[in-house]
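The primary structure of each chain is shown beneath.
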Amino acid sequence: MADVTRAAVPINNRNIITNTRENRNTSEIPFDFQDTTKVKGTTPDSEMQSDANVLRQDGSMTGFYEVLHDQEVTSAFLTNIFLLKEIVDILPMNNETQTQEMQQLLNNLVLQPEEIAGEMMRQEDMTTLFKGGMFDMLRQMINTNARQNQDSPEMVRQFEGAVGNFLKALNNSVSKGNVFGSVINNMSYIRELVDASPKLSTALDGLLAKFKAFEQDTNGLQNTQGYDAPFISLKSEALDFFSQLEKSILYNDEIAKSVSMATYNLSRIALSDENISDSFSRLLGMMDNEEQKENLTNLLLGFLEQNDHVSQSKTMNSLTEILKKQSEDPEFKMLNSESMNKIIQSLLSSPCNFTPLLHYVIPVQYQDVSASAEMWINPDGEGDLPGGGDGKKMTHMLIVFEIADIGKFETEIWVENNDITLSVLCPEEHTAFFKDKIKDLRSDLSFTDYRIKTIDVDTLNEPRSLIEVFKSLPERRTGINVAI
């Protein structure tokens, strides 16, 4: 016979004091409504925090927005470059070879006056991939197609979509080397964060060595024929490591961000150029003119054969090497971190999908005088005017330059057709001098078709941020402008 569970009598704690119901007199008012001293004040409303208005919760967009608000961004970049140069010149390092190398990089960074025009043209070439005969022809074809099919919006949309898909495939093919390098950088950063784990750090060291060997063997992913299988294996090994990393006690939000970026960038890389071939074939299928087809094909072949989309800018290449050396070398890492942070902040204000401005960096050394200039250009400058400029097409520029022993200047330029509106802000002690001398600028432009409509010279009280000058920038991040 099965045992029957015997129910025990519950044990009562005889010392428990039971609450007795309070005898309340309902005829009395429990509190005085007129006495507000004991009322807890409400939390005052505050403006929406900028980090709530982001597309991603990591706050990266907020970081860009803060950069645009930072007044020092428009002037601190080159000032800190020259400061670093002075520090390196006077600071005795333990490794004399490294010190000389840094000095050489800083010397290469600055330009002679005769190099300025060429440097600006090279920096302009860096701003976009879509420059040259092939892209000019595609723009012309889009305009022609829009005119010919103005009664058929669907045909216009399909042709523009075919051009867009071709350009995306072309961009992915050309930039895959940079994307692969970004993956290596992400994993190198993760390696620093997991240094406390011998197992993870050893595994990641081996993975990094394979990635760097693959990059070297394929010449930065420019020669990838026959490497499809090794890349698939390498990609699978990286994803397996990321899965293993997620189970580690060291895994945190910072590592998660780097893992997400590395995973996304790996998904973007396609070694073959089949996407270019397929998208280009679809585009040709929508074209009727055989001569145009042949011309476009020849332009594409010439673009791919040239394969010269690396920065040739003397200034930017030297700056890249300086930032790389400063981040890798322990001695230089402590050199002047605040200056390096300002330099990086200013780089964030260069062209990107968030800051659609042309950006030029011009450091100059003439004899014993150091001067520096930065220029931002908005080709759609009418958006910076109230009301969009009443439909006028304008170019808007900001030039911030500083001359040693003289001071800092801000020049704002508006260009409408051939008319120039010029505003110059000077150091207080030099304002009167430049008000008198700048009138000569009108005659200096006599050899061009441009004419100065108005000139205004005033004192520079404090530097302006990019968002104060280019007022259309915040409007470009407010979302999608649609009507429902």
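Along each chain, residues carry numbers from 1 onward, in the same order as the chain's sequence is written. Only residues with pLDDT of 70 or above have their local features reported here, since the model is predicted, and side-chain atom pairs are shown and tallied only from 80 upward, although totals for entire chains, interfaces and linings are computed over all residues. Hydrogens and waters are ignored; side-chain quantities use all the structure's heavy atoms.

**Q** How do you make sense of the nonpolar core when you look at a structure like this?
**A** As used here, the term nonpolar core means buried Ala, Val, Leu, Ile, Met, Phe, Trp, Tyr and Cys residues forming a set that is joined through side-chain atoms within 4.5 Å. For the exposure calls, accessible area comes from a 1.4 Å probe over protein chains only, and a residue counts as buried if that area is under 20% of its type's maximum, exposed if over 50%, partly exposed in between. F180, F211 and F242 are the most contacted members of the largest nonpolar core, which totals 26 residues. A run of H or I in DSSP becomes a helix once it reaches four residues, and a run of E becomes a strand once it reaches two; helices and strands are each numbered from the N terminus. Listed by contribution, the elements that provide at least two residues to this core are α6 (153-193), α7 (198-217), α8 (228-246) and α9 (253-268). Excluding anything up to four places from it in sequence, F180 contacts F211, F214, E215, L221, F231, L234 and I269. Among the nonpolar cores identified, the runner-up in size contains 21 residues, and M137, F166, L296 and L300 belong to it. In what follows, a contact means two residues having at least one pair of non-hydrogen atoms within 4.5 Å.

**Q** Any chance you could explain α9 here in plain terms?
**A** Note on helix geometry: an α-helix contains 3.6 residues per turn, so any two residues three or four positions apart are oriented the same way. Between its first and last C-alpha, α9 extends 23 Å over 16 residues, near the 22 Å set by a 1.5 Å rise per residue. Here α9 has its buried residues at I255, A256, S258, V259, A262, N265 and L266. The inward-facing, buried residues of α9 abut α6, α7 and α8. In the analysis that follows, any N or O atom pair within 3.5 Å is treated as a polar contact, provided that within protein one partner can donate a hydrogen and the other can accept it, and provided that, for residues neighboring in sequence, both atoms belong to side chains. Its side-chain oxygen at 3.2 Å from the backbone nitrogen of E254, N252 defines the N-terminal cap of α9. One less than the number of residues in a helix, times 1.5 Å, gives the span that helix is expected to have.

**Q** Looking at this model, I keep getting lost on the pattern of salt bridges. Mind explaining?
**A** Proximity of charged atoms lets side chains of opposite charge pair with each other. The term salt bridge refers to a side-chain nitrogen of Lys or Arg lying within 4 Å of a carboxyl oxygen of Asp or Glu. All told, the structure shown has 12 salt bridges when counted by the stated rule. For E290, the salt bridge is made with K293, and the minimal N-O distance between the two is 3.5 Å. Placement of the pair is E290 and K293 together in helix α11 (residues 290-306), with a separation of 3 residues, close to one helical turn. R451 is paired through a salt bridge with D419; the nearest N and O atoms lie 2.9 Å apart. Of this pair, R451 sits in strand β6 (residues 451-459) while D419 sits in strand β5 (residues 419-426), and the two are 32 residues apart along the sequence.

**Q** Got a minute to help me understand the pairing of strand β2 (residues 369-378) in this structure?
**A** Successive side chains on a regular strand alternate, one facing one side of the sheet and the next facing the other. Of all 10 residues in β2, 7 are buried, a share of seventy percent or more. Strand direction decides the pairing type here: strand β1 (residues 358-366) and β2, joined by 9 bridges, are antiparallel. Across the sheet, residue L358 finds its bridge partner in β2, namely I377. Following DSSP output, two strands are said to pair if at least two bridges run between them. Linking β1 back to β2 in an antiparallel pair, the connection comprises 2 residues, with Q367 at a positive phi of about 55°.

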